[in-house]
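Reading the structure
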Amino acid sequence: DVSSPKHGKVDPDNMPHVGGNTWAGGTGGRDTAGLGGKGGPYRLDAGHRVYQISQAEKDAVPEEVKRAAREMGEKAFKQRLKEIQMSEYDASTYEMFSGAVRRQVQSLRIILDNLQ
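No experiment lies behind these values; they were computed from the predicted model shown. Counting of residues starts from 1 at the beginning of each chain's written sequence and follows it residue by residue. The predicted origin of the model limits local features to residues at a pLDDT of at least 70 and limits the giving and counting of side-chain atom pairs to 80 or more, whereas totals for whole chains, interfaces and linings rest on all residues. Side-chain metrics in this entry use all non-hydrogen atoms of the structure; hydrogen atoms and water are not considered.

Another aspect to go through is the overall build of the protein. We count a stretch as a helix when DSSP gives it H or I for four or more residues in a row; a strand needs E for two or more, and each element gets its number in order from the N terminus. When helices and strands are tallied, the protein shows three helices and two strands. Each helix and strand of the protein, ordered N terminal to C terminal, gives the series β-β-α-α-α. If you line up the protein on its principal axes, its C-alpha atoms span 45 × 35 × 30 Å. Buried positions account for 23% of the 116 residues belonging to the protein. For the protein, the share of sequence-separated contacts (at least 6 apart) that also reach a separation of at least 24 residues comes to 36%. Here the open area of atoms and residues is found with the Shrake-Rupley method and a 1.4 Å probe, where only the protein chains shown may cover a residue. Total accessible area on the protein is roughly 8,500 Å²; 53% of this is exposed by carbon and sulfur atoms. Type-normalised accessible area, obtained with a 1.4 Å probe on protein chains alone, sets the label of each residue: buried when under 20%, exposed when over 50%, and partly exposed for intermediate values. Any two residues whose heavy atoms approach within 4.5 Å at even a single point are treated as in contact.

As C-alpha cells, this is what we get:
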C-alpha cells in the first residue's frame, strides 16, 4: 500500500532498484520519486530499465495520496525553476518550442550516439 509521497534515498552507487519504498529513481515501486510505480511525487529517471506496475494498481492509489504527490511535485518543480532562474511563463514557452522539435532532437541524439 502507498502511504505518503517522498523523494527517497539517493543510492551513491546508482544501482537499479525495483519495487519497494526506499530509493529515489527506482522503478515499479511506491511512494518514492521514480518511474513505473505508484504514489510517487514526480518522475525521476536514474537511467535503468523501467518496470511498470499495472494501471489498476495505479488507479487504486487513494485520492489523498495522489493529491499529496501532485502538491509535492508542483513544489519541486517550482523550486527547480527558481534554481535555474526561470519563471513559469518561461517554462511553458520553453516546453512549447521544445515539444515542437522533440522527435527530431531524439532522432539526432540516436544518430550522434551511433556515430560516437
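Attention now goes to helix H2 (residues 63–83). The span expected for a helix works out to 1.5 Å for each residue beyond the first. Relative to the 30 Å expected for 21 residues at 1.5 Å per residue, H2 spans 30 Å between its end C-alpha atoms, a close match to the ideal helical length. Contacts made by the buried residues of H2 are with helix H3 (88–115). Just beyond H2, the residue with positive phi is Gln 85, at close to 55°.

Turning our eyes to something else, we now look at the layout of surface pockets. Estimated volume of the largest pocket: approximately 450 Å³. Using only the protein atoms, space was sampled on a 1 Å grid; points where a 1.4 Å probe fits but cannot get out form cavities, open sets with protein on both sides within 12 Å along at least five of seven lines form pockets, and lining residues are those with an atom within 4 Å of a point. As for the largest pocket, its lining consists of 29 residues, and the residues nearest its centre are Gly 34, Gly 37, Lys 38, Gly 39 and Gly 40. Residue assignment for the lining of the largest pocket shows that the elements contributing at least two residues are strand E1 (26–27), strand E2 (34–35) and H2. By residue number, the principal contributor to the lining of the largest pocket is H2, which donates three residues. Of the pockets and cavities examined, the second largest pocket occupies roughly 270 Å³. In this structure, the second largest pocket is lined by His 7, Tyr 42, Leu 44, Gly 73, Ala 76, Phe 77, Arg 80, Leu 81, Ile 84, Met 86, Ala 91 and Tyr 94. When residues of the lining of the second largest pocket are assigned to their parent elements, the largest contribution, five residues, is made by H2. Per-class residue counts for the lining of the second largest pocket are nine nonpolar, two polar and one charged. Grid points are joined across faces, edges and corners, and a volume is the space filled by probe spheres set on the points. Amino acids are sorted into nonpolar (Ala, Val, Leu, Ile, Met, Phe, Trp, Tyr, Cys and Pro), charged (Asp, Glu, Lys and Arg) and polar (every other residue, Gly among them).

Here we take up the packing of aromatic side chains. Planes of paired rings set the category: under 30 degrees apart is stacked, over 60 is edge-to-face and the rest tilted, where pairs are Phe, Tyr or Trp rings (Trp by its six-membered ring) whose centres lie within 6.5 Å. Inspection of the entire model under this criterion finds zero aromatic pairs. Only when the NZ of Lys or the CZ of Arg is both within 6 Å of the ring centre and within 35 degrees of the ring normal is a charge said to sit over the ring. The positively charged end of Lys 9 is found above the aromatic ring belonging to Trp 23, 5.5 Å away from the centroid.

On the secondary structure map, Thr 27 appears in strand E1. Any pair of N or O atoms that falls within 3.5 Å is considered a polar contact. Within protein, one atom must be able to donate a hydrogen and the other to accept it, and sequence-neighbouring residues count only if both atoms are side-chain atoms. At a separation of 3.3 Å, a polar atom in the side chain of Thr 27 contacts the main-chain amide nitrogen of Tyr 51. For Thr 27, the contacting residues outside a window of four places in its chain are His 17, Val 18, Gly 19, Leu 35, Arg 49, Val 50 and Tyr 51.

Considering the arrangement of structural elements, one finds Asp 11 in the segment before E1. Only four residue types enter the charge count, namely Lys and Arg as positive and Asp and Glu as negative; His and the chain termini do not. Salt bridge, as used here: a side-chain nitrogen of Lys or Arg that lies within 4 Å of a carboxyl oxygen of Asp or Glu. Salt bridges are absent for the buried Asp 11, whose nearest opposite-charge side chain, Lys 9, sits at 9.9 Å. There is a polar contact of 2.8 Å between the side chain of Asp 11 and the backbone nitrogen of Asp 13. Separated by 3.2 Å, the side chain of Asp 11 and the backbone nitrogen of Met 15 make a polar contact. Not counting residues up to four positions away in its chain, the partners in contact with Asp 11 are His 17 and Trp 23.

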